[in-house]
Amino acid sequence: MNRYPMIFAPRSWSPALNRWMVAALRPLRQRCVKRDVKLHDITVHGGDILRSSLAADQQVMITPNHPSHADPYAIYEACDQANTPCHIMAAWHVFAKNSWVMQRCLQWHGCFSIDREANDLTAFRDAIAVLRNRREPLVIFPEGDIYHCNDRVTPFREGAAAIAIGAARRSERSAVIIPTAIRYRFIDDPTPHIERTLSLLEQRILWRPRPDQPIVERVRAIGDAVLGLKEREIYGHSLRGPLAPRIESLIEHLLCKLEALHQLDPQDSVPKRVKQLRHTLLTKLHDQRTDPAACAALRQNLDEAFLVLQLFSYPGDYLEGDEPPCIERIAETIDKLEEDVLQVKTASIHCRRSVTVEFGEAIAVPTTKSRDAARDLTSAIETRVRALLATSSTQQPLVDQRDSSAGAFSTQTA
């Protein structure tokens, strides 16, 4: 996963969508889509659902899964096909790492910032203002982080639902949420690039590259070795057995230790527990009464909280099953290892890709007051997105037909 500065946002960036600039910059944006994220085929299903909701003058929120750094590009291209720009809520780091000119371009495209580690009231108010006062849809990724899981969904956070409910209660216009599924496929054979990255990973852990071994076995072996190193660091010894229970055990060990240390009650999901921890730790770090030695310990705790999310991003059974895993799952696992082990800012893209964006049936946002409204609406959105991903899962498994060093690309796309 991407490691970003663990501080509260130094400032916020509000949306400033400019339809003229969106139209003027479209050719440049489309070149970036092909050059930077290598999306050469974008297919949209359910575009009529989005168009009809906008034509009915509804407040529209789009809630996609978040498997890749290319997701904002894919969503914007899908909205282009529906003849509308959109607003996108993004982590403040997206703005902070870019130049002033790029920040303005993002704002002209409707992007605005949120501090995910704080109770960001500015972002909340900006989002509600967009839904109430603008006619373009608002895009929020309820997973929050990018987990590089093309056909799985991690628990949705309730913020998107809370914003939609807040906007619906403050406006006479009805509000809907459109669950959306994003799925990527390779157009070209990614095997040569994957093998080069695997060799770099093996060298990083002081192994000799093993090009004679099947790709899947090399990935599993690297994962087992890296997890073993972390187990030895934390437990004092490495464990044996399947990866899934070992990952879950290490996550629980770290979370329970940190929650006990800072007197926190566990939440109902790992991302929520990590968010609560980070907020607590950053609040203590920003307290001027905290002495330097305590600050050093708090920063170490933040590193451990980040490690929990790194571990959580690896479903231990992602490459397991009765059938060989598809090439996309293998590549996604390598993407995570590239960011975590090789510590690149963003995983490299192996080759040209296609993407399918599917808009699902709109969900009406309730306006009745209920303590569980945001939780129930979040559950409904997550269920719909899972169903969309399940019905669009038509990829075929990778059949590894290699001899001594040759690889075969046998994934078929629908």
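See the structure shown above.
From a predicted model like this one, the values you see are computed outputs, not experimental measurements. (Residues numbered from 1 in each chain as written. Predicted model: local features only at pLDDT ≥ 70, side-chain atom pairs only at ≥ 80, totals over all residues. Heavy atoms only, no water.)

1. Some details on the overall build of the protein
Helix and strand content of the protein: 15 helices and 8 strands. Radius of gyration (C-alpha) of the protein: 22 Å, near the 22 Å computed for a compact globule of 414 residues. In terms of principal-axis extent, the alpha carbons of the protein reach across some 65 × 55 × 40 Å. Per-residue burial over the protein gives 53% buried out of 414 residues. Contacts spanning at least 24 positions in sequence make up 75% of the contacts within the protein whose residues lie at least 6 apart. Entry remark: accessible area of the protein is about 19300 Å², with carbon and sulfur atoms responsible for 51%. (Helix = DSSP H or I, 4+ residues; strand = E, 2+ residues; numbered from the N terminus. Rg over C-alpha atoms; globule rule 2.2 N^0.38 Å. Buried < 20%, exposed > 50% of the residue type's maximum accessible area, 1.4 Å probe, protein only. Contact = heavy atoms within 4.5 Å. Areas by Shrake-Rupley, 256 points an atom, 1.4 Å probe, with all protein chains shown as cover.)

2. Observations regarding the packing of helix α10 (residues 215-235) against helix α14 (residues 327-340)
When two helices pack together, their arrangement is given by the angle between the helix axes and by the axis-to-axis distance. Direction vectors running N to C along α10 and α14 enclose 35°, while the axes themselves pass 11 Å from each other. The handedness of the crossing between α10 and α14 is left-handed. Facing α10, whose interface residues are I215, V216, V219 and I222, α14 presents I330, T333, I334 and L337. The residue inventory of the contact of α10 with α14, partitioned by class, reads 7 nonpolar, 1 polar and no charged. (Axes fitted to C-alpha atoms, helices over the stretch in contact; angles between N-to-C directions. Left-handed = near helix turned anticlockwise from the far one by under 90°. Nonpolar A, V, L, I, M, F, W, Y, C, P; charged D, E, K, R; others polar.)

3. Describing the nonpolar core
Proteins that are soluble and globular tend to have nonpolar side chains buried together. Within the largest apolar cluster, 41 residues are counted, with the highest numbers of intra-cluster contacts made by L198, L201, V219 and L311. Within the residue set of this core, elements represented by two or more residues are α9 (191-204), α10, α11 (243-261), α12 (270-285), α13 (292-312) and α14. With residues up to four places along the chain from it excluded, the contact list for L198 reads I215, R218, V219, I222 and I334. A74, C79, F141 and F359 belong to the second-largest nonpolar core, a separate cluster that totals 36 residues. (Core = buried A, V, L, I, M, F, W, Y, C linked by side-chain atoms within 4.5 Å.)

4. Some words on the packing of aromatic side chains
The final tally for this structure, using the stated rule, is 2 aromatic pairs. Here the aromatic rings of W13 and F95 are separated by 5.3 Å at their centres, their planes lie at 10°, and the arrangement is stacked. Note that W13 is positioned in the segment before α1 (19-24) and F95 in helix α5 (residues 92-96), a separation of 82 residues in sequence. Each member of the pair, W13 together with F95, is buried. Judged by centre distance (5.7 Å) and plane angle (80°), the rings of Y147 and F312 are edge-to-face. Linking Y147 in the loop between β5 (138-139) and α8 (159-169) with F312 in helix α13, this pair joins segments that are 165 residues apart in sequence. Overall, the relative accessible area of 1% leaves Y147 in the buried class. Positioned over the ring face of Y314 is K336, at 5.2 Å from the centre of the ring. (Phe/Tyr/Trp six-rings, centres within 6.5 Å; stacked < 30°, edge-to-face > 60°. Lys NZ or Arg CZ within 6 Å of the ring centre and 35° of its normal.)

5. Concerning empty space enclosed by the protein
One pass over the structure, following the stated rule, counts 2 cavities of 30 Å³ or more. What the largest cavity holds in volume is close to 50 Å³. Counting residues per element, the lining of the largest cavity draws most heavily on α12, at 3 residues. Taken together, the residues of the lining of the largest cavity sort by class into 3 nonpolar, no polar and 6 charged. Estimated volume of the second largest cavity: approximately 30 Å³. The wall of the second largest cavity is formed by N65, H66, P67, E143, Y147, C149 and R152. Looking at the lining of the second largest cavity residue by residue, the class counts come to 3 nonpolar, 2 polar and 2 charged. (1 Å grid on protein atoms, 1.4 Å probe; cavity = no way out; pocket = protein on both sides within 12 Å on 5 of 7 lines; lining within 4 Å. Points joined across faces, edges and corners; volume = space filled by probe spheres on them.)

6. Thoughts on the pattern of salt bridges
Under the definition given, this model contains 31 salt bridges. The closest approach of N and O atoms between E320 and R220, which form a salt bridge, is 3.4 Å. Pair noted here: E320 is in the loop between α13 and α14 and R220 is in helix α10, with a separation of 100 residues, a long-range link. Judged by its relative accessible area of 24%, R220 falls in the partly exposed class. With a shortest N-O distance of 2.9 Å, R246 and E231 are connected by a salt bridge. (Salt bridge = Lys/Arg side-chain N within 4 Å of Asp/Glu carboxyl O.)

7. What to know about the environment of L319
With respect to the helices and strands, the residue L319 is situated in the loop between α13 and α14. Taking C-alpha positions, L319 is 32 Å from M89, a pair spaced 230 residues apart along the chain.

8. Remarks on the layout of surface pockets
Of the pockets and cavities examined, the second largest pocket occupies roughly 920 Å³. For the second largest pocket, the lining is made up of 40 residues, of which V226, K230, Q310, D340 and V341 are closest to its centre. Elements with a contribution of two residues or more to the lining of the second largest pocket: α10, α11, α13 and α14. A per-element tally of the lining of the second largest pocket places α10 first, with 9 residues. Of the residues contributing to the lining of the second largest pocket, the split by class is 20 nonpolar, 7 polar and 13 charged.

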